[in-house]
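# Summary of the model geometry
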Amino acid sequence: MKERKIPHKKKNILATIILAEVIVGGLAIHSYYQQKIGQRKILGATKVSKIDKTKIILDQTGELKYYWTLEPNEQWEEQPEWLGYKVSHHVNNDGLRETKNYSIDKPDNTFRIITLGDSFTYGQHVNTDQNWTEVLENKLNKIDCGYDKIEVINLGVGGFDVQYIVKRYQEIGVKYDPDLILWFENDTGFSRFLELMMPFVYECDNNKSIDNEKQKKEIFHYCWSQATKKVDNLYKKNDLNNIIYVNFDKFFQNAPEQKTIIFYYDDEWSSEKKEVINHLNSAHPQATFVGIIPTPIAENTLADGHPSKSGHMVISNSVYTFLLENKLDCQ
């Protein structure tokens with residue numbers, strides 16, 4: 001499938017989608033923090049930053065109208081006012097947020113891991129080398145697991161829902177011939193249906209008279225909330241869940257189930273989300289669905305709800321321990 005750079009107007013659309021990810025990522029655990037950490041207010045709705053829209057490629061040639069990838073071989077920095085420090089982004093020659101390139105052909109005696117997910121896997125607001133995927137690769141290569149090298153290749157993209165993650169794996173991940181697939185679901189991906197929501201967001205957000213950036217963010221937050229409500233009102237919960245189920249079925253057509261682990265936070269999930277996990281677990285019994293990632297605590301989380309540098313260490317350590325105890329024979 002041929003990718004093409006997008007004109008200015010469409011780049012603005014994609015920047016809006018990326019902004020949505022930053023907002024939604026914070027809102028997903030907002031209620032948890034208000035209950036558990038009364039004195040600390042999460043400001044995910046207003047503390048946001050955009051990924052540079054010139055780094056985005058939109059692919060409108062397929063069935064997904066809003067699917068995007070990152071421009072290969074790019075480096076840039078972000079410094080949101082609320083964050084207080086610069087964050088460096090590095091995208092490799094295959095459009096992956098990685099510090100280095102990986103050969104398509106797997107080297108001899110190499111164990112290759114693919115990671116999937118949204119901004120929590122991409123590593124929003126942390127340096128590329130601080131992301132849990134990078135930390136995991138470094139940790140695994142410091143011990144003897146019987147391989148010359150262990151690779152952890154990050155396919156995470158901020159803003160993606162289940163449908164987009166599946167397409168990303170089919171489009172890019174399959175060719176790397178992974179020995180293991182790790183999908184990190186932080187909860188928001190099971191509530192996000194971009195193909196249904198974005199037309200409502202555009203309709204609401206199409207206000208050309210507003211120049212103030214703060215007002216634009218506030219209006220977008222409002223539009224995103226309204227789009228979510230419209231989708232919830234127009235579609236039955238079973239129909240929305242079925243989108244998730246159908247796309248997981250597609251995913252496992254290309255991803256051997258015995259090689260796949262779905263990680264997710266192990267508590268604070270609603271009964272509806274637990275129902276989704278239970279269904280997927282029953283439909284794909286050879287895959288491993290496991291809630292081993294600790295629910296984040298304040299010191300491991302940024303103001304918008306994304307993991308901080310220490311949060312990515314917590315995720316990495318949890319995955320590392322699980323792999324050593326269940327999937328890898330290491331010393």
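Structure shown above.
The following refers to the structure shown. (Residues numbered from 1 in each chain as written. Predicted model: local features only at pLDDT ≥ 70, side-chain atom pairs only at ≥ 80, totals over all residues. Heavy atoms only, no water.)

### Topic: the overall build of the protein
Looking only at helices and strands, the protein features ten helices and ten strands. When the 331 residues of the protein are sorted by exposure, 54% land in the buried category. In the protein, the share of contacts with a sequence separation of at least 24, taken over all contacts with a separation of at least 6, comes to 77%. Looking at the protein as shown, the accessible area adds up to about 14,800 Å², and 45% of this sits on carbon and sulfur atoms. (Helix = DSSP H or I, 4+ residues; strand = E, 2+ residues; numbered from the N terminus. Buried < 20%, exposed > 50% of the residue type's maximum accessible area, 1.4 Å probe, protein only. Contact = heavy atoms within 4.5 Å. Areas by Shrake-Rupley, 256 points an atom, 1.4 Å probe, with all protein chains shown as cover.)

### Concerning the nonpolar core
Counting residues in hydrophobic clusters, the biggest one holds 71 residues, and the most contacted among them are L182, F248, F251 and L323. Apart from the residues within four sequence positions on either side, F248 is in contact with V162, W183, F190, I262, L280 and H284. (Core = buried A, V, L, I, M, F, W, Y, C linked by side-chain atoms within 4.5 Å.)

### Let's talk about the packing of helix α8 (residues 237-254) against helix α9 (residues 271-283)
Interaxial distance between α8 and α9 falls to 11 Å at its minimum, and their mutual angle equals 35°. Pair α8 / α9 crosses with right-handed handedness. Each of K237, N241, I244, Y245 and F248 in α8 lies in contact with α9, whose residues at this interface are E272, E275, V276, H279 and L280. (Axes fitted to C-alpha atoms, helices over the stretch in contact; angles between N-to-C directions. Left-handed = near helix turned anticlockwise from the far one by under 90°.)

### Looking at the side chain of H284
Tracing the backbone shows H284 in the loop between α9 and β10 (288-293). Side chain to side chain, H284 and D249 meet in a polar contact 3.0 Å long. Here H284 is in contact with F248, D249, F252, E257 and F289, once residues within four sequence places are set aside. (Polar contact = N/O pair within 3.5 Å; in protein donor to acceptor, adjacent residues only side chain to side chain.)

### Observations concerning the pattern of salt bridges
With the rule as written, the count across this model stands at ten salt bridges. A salt bridge links R112 to E151; its shortest N-O distance comes to 2.7 Å. Taken as a pair, R112 in strand β6 (residues 110-116) and E151 in strand β7 (residues 149-154) lie far apart in primary sequence, 39 residues in all. Look at the salt bridges and you will find they share partners, linking K106, D177 and D179 into a network. (Salt bridge = Lys/Arg side-chain N within 4 Å of Asp/Glu carboxyl O.)

### Brief notes about the sheet that holds β7
Strand order across the open sheet formed by five strands is β7-β6-β8-β9-β10, with parallel pairing between neighbours. Both edges of this open sheet fall to β7 and β10, since each of them pairs with a single strand only. When the angles between neighbouring strand axes are averaged without regard to direction, this sheet yields 25°. Of the strand pairs in this sheet, β6 and β7 are connected by six bridges, and their pairing is parallel. Its bridge partner being in β7, R112 is matched across the sheet by E151. Here helix α10 (residues 309-326) sits on the sheet in contact with β6, β8 (180-185), β9 (260-265) and β10, set at roughly 135° to β10. (Pairing = 2+ DSSP bridges.)

### Re the side chain of E78
Tracing the backbone through its elements, the reader meets E78 in strand β4 (residues 74-78). Despite its burial, E78 pairs with no opposite charge; the closest candidate is R97, at 6.2 Å N-O. Only 3.2 Å separates the side chain of E78 from the side chain of H125, close enough to count as a polar contact. (Lys, Arg positive; Asp, Glu negative; His and termini not counted.)

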